[in-house]
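# Remarks on the overall topology
Chain by chain, the residues:
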Amino acid sequence: MPSDSRPHPVVPSSAARRRPTRTLARLAGVALVVGALVTGGGAAALAAPGGSPADAAGDPGVTPGPCAYTGTPEDPAARPVPLPPDPRRTPDRGTVRVTLRTNQGPIGLTLDREAAACTVQSFLHLVRHRFYDRTSCHRLTAYPTLRVLQCGDPSGTGSGGPGYRYADELPTDLPPAPTDPTGERRLYARGTLAMANAGPDTNGSQFFLVQSDSALRPHYTVFGSVDAAGLATLDRIAAGGIAPTVADPAPVDGAPALPVDIRRAVRHHHHHHR
């Protein structure tokens, strides 16, 4: 069923070089067999990051401030970029506007420092270093309760990142998802901007844009929102569907049929502070 025969990495192996796929697919009752896109189903995908950052051979590098961005030599950067700045006081007020200029149209983002200060700081660092320029959005989902576009991996494979990781800044105020009778999943509403990850505290560069109200466990840092023009672009991309493959002629999770290329990510400096 999966497109490759390798087992999905669920428990990190210290022997194998680990390049975990960032996934947000933890849906009960859905068989996720998307090969390289998904680490595994259910809670098993919550693989703990292996050990503390400094217990490997040599300290991989940790920034000195409160965000503690931690180098991941076992998961090298898909495109060279330094560790983000990590001042003693992380900016945690106001919003910042960023536009993803894509071949399918603009996607305007409003980043919320108060919601996720370390995440916004990292995202702006990656924008500044043009990490997202000339990258593709590698994953589109069309499950009834999960409709998102995932971007931010220069390798386009779903396993690439910036060569560092940092802690979750998880939302605590999301309403329960009305589609989930167990009460475990929360509503990630249309227009939400959130980080993809490969388990707890493994944020890097990959993020997802919610095209339609989705139900997810609250394991994904929410750090902003998508504007009206961006939602129109997302709707166009979603309407194009998911590219069929030999293994799955009618996929609900895979590469968008309309290729989505971020030509440039641009920060707008006329942001305001509350």
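Here goes a summary of the coordinates provided. Each chain has its residues counted from 1, following the order in which its sequence is written. Given that this is a predicted model, residues contribute local features only at a pLDDT of at least 70 and side-chain atom pairs are listed and counted only at 80 or more, while totals for whole chains, interfaces and linings are drawn from all residues. Each side-chain value is derived from all of the structure's non-hydrogen atoms; neither hydrogens nor water enter the calculation.

Categorising residues by exposure relies on relative accessible area from a 1.4 Å probe, with only protein chains included: less than 20% of the type maximum marks a residue as buried, more than 50% marks it as exposed, and the intermediate range marks it as partly exposed. Under the DSSP-based scheme used, a helix requires at least four consecutive residues in state H or I and a strand at least two consecutive residues in state E, with every element numbered from the N terminus. Judged by how many residues are buried, strand β12 (residues 222–226) sits mostly within the fold: four of five residues are covered. Note that strand β9 (residues 192–195) and β12 share three bridges and pair antiparallel. Within the sheet, the bridge partner assigned to Thr 192 lies in β12 and is Ser 225. If DSSP finds at least two bridges between two strands, the strands pair.

So, on to the pairing of strand β14 (residues 261–268). Sheet topology places strand β2 (residues 95–102) next to β14; six bridges connect them, and they run antiparallel. By the bridge assignment, Leu 100 is partnered in β14 with Ala 265. Here strand β4 (residues 135–136) runs beside β14; their pairing, made up of two bridges, is antiparallel. Its bridge partner lying in β14, Ser 136 is registered against Asp 261.

Ring pairs are drawn from Phe, Tyr and Trp, using the six-membered ring of Trp, whenever the two centres fall within 6.5 Å, and their geometry is named by plane angle: stacked under 30 degrees, edge-to-face over 60, tilted for the rest. Across all of its chains, the model carries 11 aromatic pairs by this definition. When the ring of Phe 123 is compared with that of Phe 223, the centres are 5.3 Å apart and the planes differ by 55 degrees; the resulting orientation is tilted. Taken together, the residues Phe 123 in helix α1 (residues 117–128) and Phe 223 in strand β12 connect sequence positions 100 residues apart. Plain terms: the ring middles of Tyr 188 and Tyr 220 are 6.3 Å apart, the flat faces sit at 75 degrees to each other, and that makes the pair edge-to-face.

Before going further, it helps to examine helix α2 (residues 228–240). Expected helix span is given by 1.5 Å per residue-to-residue step, counting one fewer step than there are residues. For α2, built from 13 residues, the straight-helix expectation of 18 Å at 1.5 Å per residue is met to within 8% by its first-to-last C-alpha distance of 19 Å. Buried residues of α2: Gly 230, Leu 231, Thr 233, Leu 234 and Ile 237, and no others. Along α2, the residues classed as buried sweep out an arc of 160 degrees about the axis, all on the same side. Relative to its buried face, α2 has exposed residues pointing more than 90 degrees away, namely Ala 228 and Ala 239. Considering only its buried residues, α2 is in contact with β2, β3 (105–112), β5 (139–141), β6 (147–151), β10 (207–212) and β12. Gly 241 sits one or two positions beyond α2 and adopts a positive phi of about 85 degrees. Each direction from the helix axis to a C-beta atom contributes to the arc, which is the arc of those directions. A contact between two residues is defined here by any heavy atoms of the two lying within 4.5 Å.

To continue, consider the pattern of salt bridges. Salt-bridge detection follows one rule: a side-chain nitrogen of Lys or Arg within 4 Å of a carboxyl oxygen of Asp or Glu. A full pass over the atoms with the stated rule returns seven salt bridges. A salt bridge links Asp 133 to Arg 264; the nearest nitrogen and oxygen atoms lie 3.0 Å apart. Here Asp 133, found in the loop between α1 and β4, pairs with Arg 264, found in strand β14; they are 131 residues apart in sequence, far enough to count as distant. One connected set of salt bridges, linked through shared partners, spans Arg 130, Asp 133 and Arg 264.

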